[in-house]
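If you want the building blocks of each chain, they are given just below.
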Amino acid sequence: AVTLKFHTFMAPQSNVWLTMHKAWMEKVEKDSGGRIKFEGYPAMQLGGTPVQLYDQAKDGVVDVVWTLPGNTAGRFPRIEVFELPFMMNNAEATSKAYWEYVQTVAQDEFKDTQVLALQVHGPGMFHTKNKLIKTADDLRGLKVRGPTRQITKMLGFLGATPVGMPLPQIPDALSKGTIDGCVIPWEVVPSVKVDELTKFHSEFDPAGGALYTTTFVMAMNKAKYNSLAPDLKKVIDANSGLETSAWLGKVQQGNDAVGRKTAVDRKNTIHTISAADAQEFKRKARLVEVEWVEDMNKRGFDGKKLLDTAKSLIEKHGKSTPAAAGGKKA
Amino acid sequence: MTPLALTALIFGIMLACMAVRIPIAVSMFAAGAIGYVMQTGWAPFSFFLNTQAFARFASYDLSVIPLFILMGHFATKGGISKSLFEFAAAVMGRMKGGLAMASLLACAAFGAISGSSVATAATITSVALPEMRRHGYSGRLATGTLAAGGTLGIQLPPSIVLVIYAILTEQNISKLFAAAIVPGIIAMIGYMIAVGLYVRLVPGHAPEVEEAPPPMTLRALMGIVPIAIIFLLVFGGIYGGFFTPTEGAAVGASTTFLTALLKGEMTLKKFKECFYGTAVSAAMIFLIFLGADLMNAALALTQVPNQLAQVVGSWGVAPLLVVVAILLFYVVLGAVMDELSMLLLTIPIFFPIIMGLDFGMPRESVAIWFGIVVLMTVGFGLIAPPVGLNVYIVNGLAKDVPMGETYRGVMPFLISDVLRTMLFLFFPIIPLWLVGFIS
Amino acid sequence: MRVLESLAKLCAILAGVLLTGITLMTCASLIGRNTTGHSIVGAFELTGVAAGAAIALFMPLCQIRRGNIIVDFFTASLPERVNDKFDRIGALLLFVVFALLAWRSTLGGINVWQSNSETQIMGFPEWVVYAFMVPAFALSALIGLWQAVFGFGGTKPEDPVAAAQEAVQ
Ligand code: NA
Ligand code: NA
């Protein structure tokens, strides 16, 4: 039997670890008839930082990792397209698009590892302490914590004061008013107590697209993959790729319902920004897209083509994928 | 080799290295490296090393440590301790044992802007010890009081020990600081009571009649103003929502530096010495961090720590008994080992065990409460024989007092420590009360 | 030894200046955030990377002053000559540790340089930190080796008492 070390930054009690990582590992163990065994190490138990996880898989420090490629901005520039504002509304479909995008126009982005899955989380949205966000103007002067480079930029264009801080500092910063709000998907809400610490939540009508999402990658050490017996390789292959990516995206967006319920139970105000009201946000946020395209051009890629490819792939898979559960409808 | 035997081997190598004067950080590094390589081979370990120093050193969360250390050095060099003690003496001087109590008050005030017990003990001793001796206090009482008073540097926020606990357990630094305030004040009062009882029960250690206390001069009064401003600015800023604890450390370091500059105490030479002092303390701590990282990775690979939590959970002993056992273990280990490395090594193993037990409190409350009782134990270890760092420091500054006298002098305070720890063990509400209040 | 000590002090001062820089930048950023609404968005990332460089640059002076804490409880009764031998073995092991770190961090630095790894929000290149860390580790290794071969030049193991006395003068 082969033992694989699975390493990630997610906490052992988190939904991602329990419903996605553990579920995936158990399925692989079962499909291999017990010939593949996993040792799971959540919460960076084997050292390093989340940013370094990808290199740990590349270098064979561990065998499989699940991490945020967007943490190292300059390293995977082309996949950042999925983190631009108002790209998606369905994590399952967008995860499929992300997988296909990397296979077709960004293949060498993850060439150092055996990529098992590429996925995104459900719709990101506003959570604010004292003021409900209905229009873009409502953001003026608010101190809002941004998750990624592109979204932090967008918050500035929308008139907010973007604040950069690591995710675990959100509860403290919210409770003391160091920030007035943050943008995260529902799924993350309970783990950083945003349901307790804010009163207002502003979702976007899926028809107009979600504010943003974040990309994830599950990758395996190449040499380890190549050393597997052919039938075990087949087991890994069957549990990776487009369908697995879609499944991870779907499960993660499904977990949004859990987070949303905590806010409902606390009788917080949940507002849906209509597709019409979203226009003003989009108009101001468009500059993020423009600058990203310019940045790609500078790096020697065809920025416009990459953006169009991502958009058309999201649209294509959106048509063939059922509307997402979780989020708004829960 | 079974996982358990491997774990024992890793610890054995570390302890053997430590016993023969190999630096603690290097002992941990060596034991961790050997354990790691035995389980994975050389290649994964060597690649792990490529990034681990960066991972540990270039961390925003940990940057609060060198900043608080720098702040402590600015405060120490800034000449604020003298006026602080004059003020405390004017307040407490009239009581029997008043100057000893004033020293404790000065330690608490200095401790409220210093994160280190060493800095607090040394700074206050340099001004309070000559005064106490001049007024006829025995070497035993004077040095014992100052060694114990120095521990208020970590008992009261900011506290390097609490910062490290917060980082290891992923708890909120400002909540832990808030939780430490009431226990820190209780510690100070408990020490004062210990002084009051000691001078009455054991005659001959303090002057029978205190001289008329030094008058409350404007100078003495002005002495506490900078401390009050720095404290209010740092903690008012953190709890008022103007900045995060790390930002608070930066604000504290710059205001302390500014105060020293305004008092005319900060020469270029002293400024450089502050950097050198920070260099030695910070590098020492972070190299231990790195060594502990290797130990912890090697131990995690054995899977023993993960299982330990489940095993202890399944024993069904009273949760409080587990806490008491851990604290007793700390007292024994702390007798020979430095307290910081002890925490770095054991918290990753003990903390999951504690969190797996049911204390009838929310998880976060348990984490904070356990942090506070561990902090008490660290304070205890700093003055308890055979190796009490604070005792060494204060005794080193008191040339004419034998070490044995200082150890005798800390006894009343050790009793106070034990009683206080028991109080918090049975009444978690005391540290948790203020936390509930701020959030 | 004199040269090594001067270099170590230079590193410590450079690190101190970096820390002071962080301090000022943080103050500027939070004043801006709480008044005009303009702040340095990725300030926390710069704090992290600058602290990383500073900590590494603190290492050489710490070793020259023998600040890496040891347990002397078990060897207290042995003759000084024996303890000196132990300490030289300790310095030799420390040389191995820092040499290993210097070597592996060089490779780590090359990797982040080739892969354009940057901090998330500010896009600050990570290789810059490695460029500070590697020479600092190499210097620390050299100091450890020197101490193992030629002894400690009269420097006693960092005595907290002496350090504290010095600090309050
Ligand atoms: Na303190
Ligand atoms: Na002790």
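This is a predicted model, so every value here is computed, not measured. Within each chain, residue numbers correspond to sequence positions counted from 1 in written order. To read the labels, note that chains go from A and ligands from 1, taken in the order they are written. In keeping with the model being predicted, local features are shown solely for residues with a pLDDT of at least 70 and side-chain atom pairs are shown and tallied solely at 80 or more, while totals for entire chains, interfaces and linings include all residues. Excluding hydrogens and water, the side-chain figures rest on all heavy atoms present in the structure.

Some details on the overall build of chain A
Item 1. Strands are runs of DSSP state E lasting at least two residues, helices are runs of H or I lasting at least four, and both sets are numbered from the N terminus onward. Check the secondary structure of chain A and you find twelve helices and eleven strands.
Item 2. For the radius of gyration, the atom set is restricted to C-alpha positions; the globular benchmark scales as 2.2 Å times the number of residues to the power 0.38. Against the compact-globule benchmark of 20 Å for 330 residues, chain A has a radius of gyration of 19 Å, which places it among compact chains.
Item 3. Viewed in the frame of its principal axes, chain A has a C-alpha envelope of about 60 × 45 × 35 Å.
Item 4. The classification of residues rests on relative accessible area computed with a 1.4 Å probe and restricted to protein chains. Under 20% of the type maximum is buried, over 50% is exposed, and intermediate values are partly exposed. When each of the 330 residues of chain A is scored for burial, the buried share is 61%.
Item 5. The long-range fraction of contacts in chain A, counting pairs at least 24 apart against all pairs at least 6 apart in sequence, stands at 77%.
Item 6. Total accessible area on chain A stands at roughly 11800 Å², and carbon and sulfur atoms take up 53% of it.
Item 7. In chain A, 44 positive and 37 negative side-chain charges are present, and the distance between their average locations comes to 2 Å. Throughout, a contact is declared for two residues whenever any of their heavy atoms are within 4.5 Å. Using the Shrake-Rupley algorithm and a 1.4 Å probe, accessible areas are obtained, with residue cover drawn only from the displayed protein chains. Under the counting rule used here, the positive set is Lys and Arg, the negative set is Asp and Glu, and His together with the chain ends is not counted. Charge coordinates come from a single atom per side chain, which is NZ of Lys, CZ of Arg, CG of Asp or CD of Glu.

Comments concerning the interface of chain B and chain C
Item 1. Facing the 61 residues of chain B at the interface are 66 residues of chain C.
Item 2. A 1.4 Å probe defines the accessible area here, and the buried area is the portion of it lost by two parts on being joined, summed over both. Summed over both partners, the interface of chain B with chain C comes to about 5700 Å²; 77% of that surface belongs to carbon and sulfur atoms.
Item 3. Per-residue buried area on chain B facing chain C is highest for B:R21, B:F54 and B:Y276; these three make up 15% of the total on that side.
Item 4. The salt bridge criterion pairs a side-chain nitrogen of Lys or Arg with a carboxyl oxygen of Asp or Glu, the two atoms within 4 Å. On inspection of chain B and its partner chain C, the count reaches two salt bridges.
Item 5. The partner of B:E247 in a salt bridge is C:R33, and the shortest N-O contact between them spans 3.1 Å.
Item 6. Throughout this description, a polar contact denotes any pair of N or O atoms lying within 3.5 Å of each other; where both atoms belong to protein, one of them has to be capable of donating a hydrogen while the other can accept it, and for residues adjacent in sequence the pair is counted only when both atoms sit in side chains. The tally of links between chain B and chain C comes to eight residue pairs in polar contact (both at pLDDT 80 or more).
Item 7. Of the residues forming the side of chain B that touches chain C, the biggest block, 14 residues, is contributed by helix α14 (residues 268-302) of chain B.
Item 8. Among the residues forming the side of chain B that touches chain C, the class breakdown is 43 nonpolar, eleven polar and seven charged. The classification used treats Ala, Val, Leu, Ile, Met, Phe, Trp, Tyr, Cys and Pro as nonpolar, Asp, Glu, Lys and Arg as charged, and all other residues, Gly among them, as polar.

Side note on the sheet that holds strand β3 (residues 64-67) of chain A
Residue and element names in this part refer to chain A.
Item 1. At least two DSSP bridges between two strands are required for those strands to pair. What the five strands build is an open sheet, ordered β2-β1-β3-β10-β4; its pairing is mixed. Edge strands, defined here as strands with exactly one partner in the open sheet, are β2 (36-41) and β4 (114-120). With direction set aside, neighbouring strand axes in the sheet form an average angle of 15°.
Item 2. Where strand β1 (residues 2-8) and β2 come together, six bridges link them in parallel fashion. Looking at the pairing, H7 lines up with Y41 of β2.
Item 3. Where helix α1 (residues 15-31) meets the sheet, its contacts fall on β1, β2, β3, β4 and β10 (215-220), and the angle it forms with β2 comes to roughly 160°.
Item 4. For every element, the axis is a line fit to its C-alpha atoms; helices are fit only across the contacting stretch, and the angle between N-to-C directions ranges from 0 to 180 degrees. The sheet contacts of helix α3 (residues 91-105) involve β4 and β10, and relative to β4 the element is tilted by about 140°.

Here we look at the coordination of the sodium ion (ligand 1)
Residues and elements named next belong to chain B.
Item 1. Listed as protein donors to the sodium ion (ligand 1) are G111 (O), S114 (O), G153 (O), L156 (O) and P158 (O); their distances from the metal cover 2.1 to 2.5 Å.
Item 2. Only N, O and S atoms count as donors, using a 2.8 Å limit from the metal and a wider 3.2 Å limit for Na, K and Ca, and since water is excluded some coordination spheres may look unfilled. Read in sequence order, the donor residues for the sodium ion (ligand 1) give the motif G-x2-S-x38-G-x2-L-x1-P. Residue S114 is found in the loop between α6 (98-111) and α7 (117-134), and its partner P158 is found in the loop between α9 (152-155) and α10 (160-169); the two are separated by 44 residues along the sequence.
Item 3. We classify P158 as buried; its relative accessible area is 0%.

Notes on the environment of A:D63
Residue and element names in this part refer to chain A.
Item 1. If you trace the backbone, D63 turns up in the loop between α2 (53-59) and β3.
Item 2. For the pair D63 and P50, spaced 13 residues apart in sequence, the C-alpha to C-alpha distance is 15 Å.
Item 3. In contact with D63, not counting residues within four places along its chain, are T3, L4, K5, A219, M220, N221 and K224.
Item 4. A polar atom in the side chain of D63 sits 2.8 Å from the backbone nitrogen of K5.

Focus: the interface of chain B and chain A
How big an interface is tends to be stated in terms of accessible area lost as the parts join.
Item 1. Across the contact, 29 residues belong to chain B and 21 residues belong to chain A.
Item 2. Both sides together, the interface formed by chain B and chain A hides about 2000 Å², and carbon and sulfur atoms give 50% of it.
Item 3. The tally of links from chain B across to chain A stands at one salt bridge.
Item 4. Ionic pairing is found between A:K193 and B:E364, a salt bridge with its closest N-O pair at 3.7 Å.
Item 5. Elements represented by at least two residues in the side of chain B that touches chain A include exactly α2 (24-40), α3 (42-57), α12 (218-239), α14 and α18 (363-383) of chain B.

Brief notes about the state of the cysteines
Item 1. Defined by distance alone, a disulfide is two cysteine sulfur atoms within 2.5 Å. This structure, assessed with the given rule, holds zero disulfides over all chains.
Item 2. Of all cysteine sulfurs in the structure, the one in C:C27 sits closest to B:C274, which takes part in no disulfide; the separation is 17 Å.
Item 3. Among the cysteines around C:C11, which has no disulfide bond, C:C62 carries the closest sulfur, lying 13 Å off.

Examining the coordination of the sodium ion (ligand 2)
All names here are of chain B.
Item 1. Protein ligation of the sodium ion (ligand 2) involves G381 (O), A384 (O) and V387 (O), the donor distances falling in the range 2.3 to 2.9 Å.
Item 2. Within one chain, the residues donating to the sodium ion (ligand 2) are spaced in sequence as G-x2-A-x2-V.
Item 3. Residue classification places A384 among the buried residues on the basis of a relative accessible area of 10%.
Item 4. Taking relative accessible area as the criterion, V387 reaches 22% and is therefore assigned partly exposed.

Structural notes on the UniProt feature "transmembrane region" (unreviewed entry) in chain C
Residue and element names in this part refer to chain C.
Item 1. UniProt positions are given in the numbering used here, feature names are shortened, and annotations may be inferred rather than shown by experiment. Per the UniProt record, "transmembrane region" (unreviewed entry) is found at residues 7-31, 37-59, 89-107 and 127-146.
Item 2. Helix makes up 100% of residues 7-31 and strand 0%. Its end C-alpha atoms lie 36 Å apart.
Item 3. The straight-line gap between the two end C-alpha atoms of residues 127-146 is 29 Å; of that span, 100% is helix and 0% is strand.

A few points about helix α17 (residues 339-355) of chain B
Item 1. Here the bend at a residue is taken as the angle between two axes, fitted respectively to the seven residues that end there and the seven that start there. Along α17(B), the largest kink reaches about 50° and is centred on B:I347; proline B:P348 follows within four residues of it.
Item 2. When you tally the buried positions in α17(B), you get 15 out of 17 residues, the bulk of the element.

Brief notes about the packing of aromatic side chains
Item 1. Aromatic pairs are defined between Phe, Tyr and Trp rings, using the six-membered ring for Trp, whenever the two ring centres lie within 6.5 Å; interplanar angles under 30 degrees are classed as stacked, those over 60 as edge-to-face, and all others as tilted. Taken as a whole, this structure holds 41 aromatic pairs over all chains when the rule is applied.
Item 2. Judged by centre distance (6.1 Å) and plane angle (75°), the rings of B:F57 and B:F286 are edge-to-face. Taken together, the residues B:F57 in helix α3 and B:F286 in helix α14 connect sequence positions 229 residues apart.
Item 3. Above the ring of B:F47, the side-chain terminus of C:R104 is found at 5.4 Å from the ring centroid.
Item 4. Charge-over-ring contacts are defined here by two conditions on Lys NZ or Arg CZ: a distance within 6 Å of the ring centre and an angle within 35 degrees of the ring normal. Seen from the ring of C:W103, C:R104 lies directly overhead, with NZ or CZ sitting 4.7 Å from the centre.

Overview of the side chain of A:R78
Item 1. Note that A:R78 resides in the loop between β3 and α3.
Item 2. If we ignore the near neighbours within four places in the chain, the residues touching A:R78 are A:Y101, A:V105, A:A106, A:D108, A:E109, A:W292, A:M296, A:F301 and A:L306.

Examining the pattern of salt bridges
All names here are of chain A.
Item 1. The tally for this structure, following the rule as stated, stands at 40 salt bridges over all chains.
Item 2. Between K58 and D55 there is a salt bridge; the shortest N-O distance is 3.9 Å. Placement of the pair is K58 and D55 together in helix α2, with a separation of three residues, close to one helical turn.
Item 3. Note that E289 and K311 form a salt bridge whose closest N and O atoms lie 3.1 Å from each other. Here the residue E289 occupies a position in helix α11 (residues 275-298), and K311 occupies one in helix α12 (residues 303-320), the gap between them amounting to 22 residues.
Item 4. We classify E289 as buried; its relative accessible area is 10%.

Describing unusual backbone geometry
Item 1. In this structure, B:P158 follows B:P157 across a cis peptide bond, with omega equal to -10°.
Item 2. Cis rather than trans, the peptide bond between B:P385 and B:P386 has omega equal to 5°.
Item 3. Tracing the chain through its elements places B:P386 in the loop between α18 and α19 (389-397).
Item 4. In this model, A:M44 sits at a positive phi of 55°, which is unusual for a non-glycine residue.
Item 5. For A:M44, the location among the structural elements is in the loop between β2 and α2.
Item 6. You will see that B:R21, though not glycine, has its phi angle at about 70°, which is positive.
Item 7. As for its position among the elements, B:R21 is in the loop between α1 (3-19) and α2.
Item 8. For B:R21, a relative accessible area of 9% puts it in the buried group.

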